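Structural description and commentary
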Amino acid sequence: MPQRHLHQATRDAARLARPSGTGLDGGAVRQRMVARLRAEGKFDERVLAAMATVPRHEFVDSALAAQAYEDTALPIGHGQTISKPSVVAHMLGLLMGGEGARQRGSLGRVLEIGTGCGYQAAVIALLARQLTSIERLQGLHEKAQLNLQRVPLPRAPRLIWGDGRAGHSASGPFDSIIAAAGGEDIPRAWMDQLAPGGRLVAPTAATGRGQVLVVLDHVVDKGVSHWVRSEHEAVLFVPLKSGVV
Ligand code: SAH
């Protein structure tokens, strides 16, 4: 029951919130951010409800907390950035539109590549049955662990320090896969670990268009698997790199 989890998470967040002196803990500024996104009329309501409960300011440096509820990307250290709230809302909305997710009303089992500070992982955890999130930079992997411990979630995400290009077959197959870093193409391992009916959303290089959001659906027709690809708008994500640091 995703709805019940959302309500529970909201209650827990209210109970556990510690005053940080920024005036952001009450959630009014966050509700205004979500109201502005809602007014655009193009985002999935379940995604917005999840974003309304996750304190984004807890995931950024305290010096940047005042900007946490503006629709901007913010630095999270190690040369990486947390995506704009509208980009998170858009990508998760695309995932919720996959065939399996529509039938289930949830993202199911999810793989996220690029944990970063853990903000998007917290939002996904409210929309999924199970989340595995991989980060190649040990410093960010550890930061995300600390950040996510402070935010009450119905189920703790499984955080992995590793090269996400290999996916995580031990936790798969996945109903939904989302990448927060963009590569030249979609790694074969992600396609192999995408369950039938599953959907993958990833920034990827497209001929003549730079980086675009690519949606890949694993469709099974008469017992044969097809991966149906569609290209969406141009985006600018940090590069998907190899190896761990
Ligand atoms: N979703 C994150 C955004 C992180 S930015 C958030 O909410 O904060 C993208 C992240 O992808 C960076 O932290 C970068 O280190 C990571 N990344 C890049 N290539 C990767 C790879 N091959 N495997 C895992 N993580 C990767």
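Our subject is the structure listed above.
Residues numbered from 1 in each chain as written. Predicted model: local features only at pLDDT ≥ 70, side-chain atom pairs only at ≥ 80, totals over all residues. Heavy atoms only, no water.

What follows concerns the overall build of the chain. Of regular secondary structure, the chain possesses eight helices and nine strands. A compact globule built from 245 residues should have a C-alpha radius of gyration of about 18 Å, and the chain, at 17 Å, falls within 12% of that. In terms of principal-axis extent, the alpha carbons of the chain reach across some 55 × 40 × 35 Å. Taking contacts inside the chain between residues at least 6 apart in sequence as the whole, the part at least 24 apart equals 55%. Surface summary for the chain: the accessible area is close to 11,300 Å², and the carbon and sulfur share equals 53%. (Helix = DSSP H or I, 4+ residues; strand = E, 2+ residues; numbered from the N terminus. Rg over C-alpha atoms; globule rule 2.2 N^0.38 Å. Contact = heavy atoms within 4.5 Å. Areas by Shrake-Rupley, 256 points an atom, 1.4 Å probe, with all protein chains shown as cover.)

Below, the discussion takes up the site of the ligand. In the neighbourhood of the ligand, 28 residues make up the surrounding shell, with Thr81, Glu135, Asp163, Gly164 and Lys241 lying closest. One nitrogen or oxygen atom from the main chain of Gly114 is found 3.2 Å from a nitrogen atom belonging to the ligand. Between the ligand and Asp163, the relevant distance is 2.9 Å, taken from a nitrogen atom to a side-chain nitrogen or oxygen of the residue. Burial of the ligand by the protein amounts to 99% of the accessible area it has alone, namely 580 Å². Placement of the ligand is best described as lying within the largest pocket. Taken together, the elements giving at least two residues each to the shell around the ligand come down to strand E2 (80-82), strand E3 (109-113), helix H6 (119-125) and strand E4 (130-135). Sort the elements by how many residues they give to the shell around the ligand and E2 lands first, with three residues. Taken together, the residues that form the shell around the ligand break down as 13 nonpolar, nine polar and six charged. (Near = heavy atom within 4 Å. Polar contact = N/O pair within 3.5 Å; in protein donor to acceptor, adjacent residues only side chain to side chain. 1 Å grid on protein atoms, 1.4 Å probe; cavity = no way out; pocket = protein on both sides within 12 Å on 5 of 7 lines; lining within 4 Å. Sits in = over half its atoms within 2 Å of the grid points. Nonpolar A, V, L, I, M, F, W, Y, C, P; charged D, E, K, R; others polar.)

Let us now look at the environment of Leu159. For Leu159, the position within the fold is in strand E5 (residues 158-161). Residue classification places Leu159 among the buried residues on the basis of a relative accessible area of 19%. For the pair Leu159 and Thr132, spaced 27 residues apart in sequence, the C-alpha separation works out to 6.0 Å. Once residues lying within four places of it in the same chain are set aside, the contact partners of Leu159 are Thr115, Ser133, His141, Ala144, Gln145 and Leu148. (Buried < 20%, exposed > 50% of the residue type's maximum accessible area, 1.4 Å probe, protein only.)

A separate point is the nonpolar core. The biggest cluster of nonpolar side chains holds 54 residues, and the ones touching the most others in it are Met51, Phe59, Leu92, Leu107, Tyr119, Val123 and Ile124. Broken down by secondary-structure element, the contributors of at least two residues to this core are helix H2 (28-39), helix H3 (45-51), strand E1 (74-77), helix H4 (85-96), H6, helix H7 (138-150) and strand E8 (210-221). At seven residues, H4 tops the list of elements feeding residues into this core. Residues Ile177, Ala179, Leu200 and Val212 belong to the second largest nonpolar core, which totals 19 residues. (Core = buried A, V, L, I, M, F, W, Y, C linked by side-chain atoms within 4.5 Å.)

Looking now at H4. Between its first and last C-alpha, H4 extends 16 Å over 12 residues, near the 16 Å set by a 1.5 Å rise per residue. Most of H4 is tucked away, with nine of its 12 residues classed as buried. Within H4 the residues assigned to the buried category are Pro85, Ser86, Val88, Ala89, Met91, Leu92, Leu94, Leu95 and Met96. (Expected span 1.5 Å × (residues − 1).)

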